[in-house]
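Residue-level listing of the chains:
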Amino acid sequence: MSEFQFPKDFLWGTATAAHQVEGNNINTESWVLEHLPETVYAEPSGDACDHYHRYPEDIALLASLGFNAYRFSLDWARIEPEEGEFSYAELEHYRRMLATCHENGIQPVVTFHHFTTPRWLMSYGGWVDDGTPDRFARYCEKAVNHLGDLIGVACTVNEPNIPILLSKILPFKMQDTPFWQNAAQAFGVSTERLGLFQFAGTPEARNVILAAHKKALNVIKAGPGDFPVGLTMALVDVQAAEGGEEKAAEYQYDMNDIFLEQLEGDDFIGVQTYSRMLVGPDGIIHPGDDVEKNQMGEEYYPEALGGTIRHAAKVTGLPVIVTENGLSSEDDTRRLAYFQQALRSVTETLQEGIDVRGYFAWSAFDNFEWVAGYTPKFGIIAVDRATQERTPKPSAYWLGKVAKENRYQY
Ligand code: BGC
């Protein structure tokens, strides 16, 4: 039996996003999209995990399992439900959440934007509009002024590269669906000006999102509190199959490096990894029927995390926090095995001298997996959708024990 001692102050946590767990986030653009005719969403988010009301018990449960950190997001649409109208009550809600983390010995890692956007922003085109970075920075400034003294780590924007990743793996273009037309109509913009965050994959949208990140970074750093600020990236481990070296390098650049190379002034890079992408001379080689897959159709490949940590550290030169990693499966024994293998690759990167500062499992709870609805199960804690009862799975106890001991035995 070998064991690995993690560095002192290593952050051990789980991650969630407001819209996926809070419930009834009715001012978001996502709520509108979920209810459109011909929507691509499998079902509406509804009450989600009712984390909005149940956060005190939820945070206490996470602490009791052994975690010392928790990553969650603020819902911009709650805080600014109409343009320029900021809700003191909602800011106070998040302040209580932060205080609850501290009372439980949990370091709060706060994401300022995790995919959802206030509906009103969409009437400007959302993430394709040049005015959006300033609007986002104004909200970040309000939020940090109210909450900054209690924040432990801040993430500005979650996964600015998700649109380009999705455009490579989806077998169809979202822009060609009736859903897209209905969405444009609902927000009163043309189909070309529909800048939904998860699907805004043009170079113009990328520039808007990166500008929003930079402005947010500056206002958050100027506010109260003194904590690291960075962004998080959807990093699939891009690997070249035989003859695919050139193509793989192209994918790596378009999906990842074009963002990673622009993070000057950031304090860390958030790595979010679920699987790998094999690239041959003609593009992506999708996993065959004989390959084990997660519920999202990706290959079961926990060692992807080592590859993405190395890549992100090399390109950015920044310390790394693994801000998301996990497996969607009904079978918790596979999730546990996934965590064991993924953590092995984290220990290897630390032994190689890479400055990895934390590990956050996605996700704390079985939750609303965007267009896929509630079918994929990512949680280490099961949630009964009818009663909201929480039941930690064996993987929660295992990971919580590693967290508590700050040590991994294998
Ligand atoms: C996102 C999460 C999502 C997870 C699993 C990440 O891209 O940040 O919101 O639930 O992956 O698909």
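As the structure is a computational prediction, the values presented were derived from the model and not from experiment.

Asker: Please explain the site of the ligand as it appears in this structure.
Answerer: Inspection of the region around the ligand gives Gln-20, His-114, Phe-115, Asn-158, Glu-159, Gln-272, Tyr-274, Glu-324, Trp-362, Glu-369, Trp-370 and Phe-378 as its neighbouring residues. Side-chain polar atom of His-114 to an oxygen atom of the ligand: 2.8 Å apart, as the coordinates give it. Here an oxygen atom of the ligand sits 2.8 Å away from a polar atom, N or O, in the side chain of Glu-324. The cavity that encloses the ligand is the largest pocket.

Asker: What should I look at first to understand the sheet that holds strand E7 (residues 237-240) in this one?
Answerer: Strand pairing in a sheet relies on backbone hydrogen bonds. The paired strands run either parallel or antiparallel. Spatially, the 3 strands line up as an open sheet ordered E7-E9-E10, and their pairing is mixed. Two strands close off the open sheet at either side, each with one partner strand: E7 and strand E10 (283-284). Alignment of E7 against strand E9 (residues 276-280), held across 4 bridges, turns out to be parallel. Bridging across to E9, Asp-237 finds its partner in Arg-276.

Asker: Whenever I open this one, unusual backbone geometry confuses me. Can you help?
Answerer: Working note: non-glycine residues mostly have negative phi, and peptide bonds are mostly trans. The peptide bond linking Trp-362 to Ser-363 adopts the cis configuration, its omega dihedral lying at 10 degrees. Relative to the helices and strands, Ser-363 is located in the loop between strand E12 (356-362) and strand E13 (381-383). Unusually for a residue other than glycine, Trp-370 sits at a positive phi of about 50 degrees. Note on placement: Trp-370 falls in the loop between E12 and E13. Positive phi, normally seen in glycine, also occurs at Gln-388, with a value near 70 degrees. Among the secondary structure elements, Gln-388 is positioned in the loop between E13 and strand E14 (390-392). Taking relative accessible area as the criterion, Gln-388 reaches 8% and is therefore assigned buried.

Cut-off values and rules
Residues numbered from 1 in each chain as written. Predicted model: local features only at pLDDT ≥ 70, side-chain atom pairs only at ≥ 80, totals over all residues. Heavy atoms only, no water. Near = heavy atom within 4 Å. Polar contact = N/O pair within 3.5 Å; in protein donor to acceptor, adjacent residues only side chain to side chain. 1 Å grid on protein atoms, 1.4 Å probe; cavity = no way out; pocket = protein on both sides within 12 Å on 5 of 7 lines; lining within 4 Å. Sits in = over half its atoms within 2 Å of the grid points. Pairing = 2+ DSSP bridges. Helix = DSSP H or I, 4+ residues; strand = E, 2+ residues; numbered from the N terminus. Buried < 20%, exposed > 50% of the residue type's maximum accessible area, 1.4 Å probe, protein only.

Honestly, it's all geometry; don't read function into it.
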